[in-house]
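Understanding the architecture of this molecule
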Amino acid sequence: MAKNMQPVAKRCKALNISPAAMGYAKKETKRNPKGRMRKKRSEYSTQLNEKQKVKFVYGIMERQFRMYYEKAATAPGKTGENLLTMIERRLDNVVYRLGFAMTRREARQLVNHGHFTVNGQRVNIPSYLVKVGDVIEVKDSSRSSVKFKRLLGEDAVIITPPQWLDRERNTLKGTVTKLPVREDIDMPIEEHLIVELYSK
């Protein structure tokens, strides 16, 4: 299985995104400290950068990203918005958004290792797309681990999930209450640039 191993801080600097968007609050890099970069970018470069940014944040490789785009293009509505909301429904992203992992990379690893169930069935596929009514839960045999014990109790970090997800405090269970919409994605993404790139 393909895996994105790019350095987070260095890649964030190159794509002009905050490491906080990746779940890293204290990462930084000394790459290009004085900002000596070309000031003017071509149209293609701007479109490509936007696509690479989304791929990097969500941890998706090119082939799978192209598949998402093709599905989004055939669905009713705006292609760009369809693409982003489809990616937002990935199980690894949902695990991250529910606060079960500190970063999407960590969430992907936890899903791969089979720590979560969807509607009572173990799912270890990070790209699994959740649906309305799905219940995502840490499986019973994983609840005793230190990682998940820290998510419970009075000292647990309070996470505010997006409106389309619901998680009661001091539980290891979350529910998809509705499908995400464009406004639920809090990253500055210009999806029309991605559509323009693939439309060429």
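Fair warning: this is a prediction, and the values are worked out from it, not measured in the lab.

Moving on to the pattern of salt bridges. Under the counting rule described, the total for this entry stands at twelve salt bridges. Across the pair R66 and E70 runs a salt bridge whose closest N-O atoms are separated by 3.5 Å. Taken together, the positions of R66 and E70, both in helix α3 (residues 62–74) and four residues apart, correspond to about one turn of that helix. When its relative accessible area of 35% is taken as the criterion, R66 is described as partly exposed. Its relative accessible area of 43% is what places E70 among the partly exposed residues. The salt bridge involving K147 is made with E106; its shortest N-O contact spans 2.9 Å. Taken as a pair, K147 in helix α7 (residues 146–149) and E106 in helix α6 (residues 104–112) lie far apart in primary sequence, 41 residues in all. One network of salt bridges, with partners in common, ties together K51, K55 and E62.

What counts and what doesn't
Residues numbered from 1 in each chain as written. Predicted model: local features only at pLDDT ≥ 70, side-chain atom pairs only at ≥ 80, totals over all residues. Heavy atoms only, no water. Salt bridge = Lys/Arg side-chain N within 4 Å of Asp/Glu carboxyl O. Helix = DSSP H or I, 4+ residues; strand = E, 2+ residues; numbered from the N terminus. Buried < 20%, exposed > 50% of the residue type's maximum accessible area, 1.4 Å probe, protein only.

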